[in-house]
Amino acid sequence: MALNIKPLSDRVIIEPAAAETQTASGIIIPDTAKEKPQKGTVVAVGNGKKDEPLTVKVGDVVLYGKYAGTDLKFNGKDYLIMREDDILAII
């Protein structure tokens, strides 16, 4: 589904991945102990700055800082909007 939101400048909109509900050994993690995911999929990108084009594109899976970005709720789904500088890596 395409978003009707177009980020400005070097900002990107990311759909965070779902939080882990079970550990590798099979232990179920309660809701109160779940950590905020640091991985997500880019769903919209801005035009970039005048001298610096964006390196990420729609559909890229990225890693970002734990407290990066601003939470955004649109059409009942959670998103993060952040500057491209807050993205640590493309997976």
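Structure shown above.
Calculation notes
- Residues numbered from 1 in each chain as written.
- Predicted model: local features only at pLDDT ≥ 70, side-chain atom pairs only at ≥ 80, totals over all residues.
- Heavy atoms only, no water.
- Salt bridge = Lys/Arg side-chain N within 4 Å of Asp/Glu carboxyl O.
- Helix = DSSP H or I, 4+ residues; strand = E, 2+ residues; numbered from the N terminus.
- Buried < 20%, exposed > 50% of the residue type's maximum accessible area, 1.4 Å probe, protein only.
- Patch = residues over 30% accessible without salt bridge, like charges linked within 9 Å, V, L, I, M, F, W, Y side chains within 5 Å.
- Areas by Shrake-Rupley, 256 points an atom, 1.4 Å probe, with all protein chains shown as cover.
- Lys, Arg positive; Asp, Glu negative; His and termini not counted.
- Charge placed at Lys NZ, Arg CZ, Asp CG, Glu CD.
- Contact = heavy atoms within 4.5 Å.
- Core = buried A, V, L, I, M, F, W, Y, C linked by side-chain atoms within 4.5 Å.

S.K.: Is there a simple way to explain the pattern of salt bridges in this structure?
M.R.: As a working rule, side chains carrying opposite charge can pair if their charged atoms are close by. On inspection of all chains with the given rule, the structure shows five salt bridges. Residue Asp-10 is joined to Arg-83 by a salt bridge in which the shortest nitrogen-to-oxygen separation is 2.7 Å. In this pair, Asp-10 is assigned in the segment before strand E1 (11-16) and Arg-83 in strand E5 (residues 77-83), connecting sequence segments 73 residues apart. For Asp-10, a relative accessible area of 4% corresponds to the buried category. A relative accessible area of 35% places Arg-83 in the partly exposed class.

S.K.: Which parts of the structure should I look at to understand a negative patch on the surface?
M.R.: A contiguous patch of negative charge on the surface is contributed by Asp-51, Glu-52, Asp-85 and Asp-86. Topologically, Asp-51 is positioned in the loop between strand E2 (39-45) and strand E3 (61-64).

S.K.: Teacher, can you tell me more about unusual backbone geometry here?
M.R.: If a residue is not glycine, its phi is most likely negative; likewise, a peptide bond is most likely trans. Residue Ser-9 is not a glycine yet carries a positive backbone phi of 55°. Look at Ser-9 and you get partly exposed, because its relative accessible area is 29%. One non-glycine residue, Asn-75, lies in the positive phi region at around 55°. Its location among the elements puts Asn-75 in the loop between strand E4 (70-74) and E5.

S.K.: For this particular structure, what's the right way to read the environment of Val-62?
M.R.: Tracing the chain through its elements places Val-62 in strand E3. Judged by its relative accessible area of 0%, Val-62 falls in the buried class. A C-alpha to C-alpha distance of 4.4 Å links Val-62 and Ile-90, two positions 28 residues apart in sequence. Ignoring any residue separated from it by four or fewer positions in sequence, one finds Val-62 in contact with Ile-14, Gln-38, Lys-39, Gly-40, Val-42, Val-56, Ile-87, Ala-89 and Ile-90.

S.K.: Explain the nonpolar core to me, please; I cannot follow it from the model alone.
M.R.: Here is a general trend for soluble globular proteins: nonpolar side chains tend to be buried in one another's company. Among the nonpolar cores identified, the biggest contains 12 residues, and these are Val-12, Ile-14, Val-42, Val-45, Leu-54, Val-56, Val-62, Tyr-64, Ala-68, Leu-80, Met-82 and Ile-87. Put simply, the parts of the chain that give this core at least two residues each are E1, E2, E3 and E5. Excluding residues that lie within four positions of it along the chain, Val-42 makes contacts with Ile-13, Ile-14, Lys-57, Val-58, Gly-59, Asp-60 and Val-62.

Any link to function would need more than the numbers given here.
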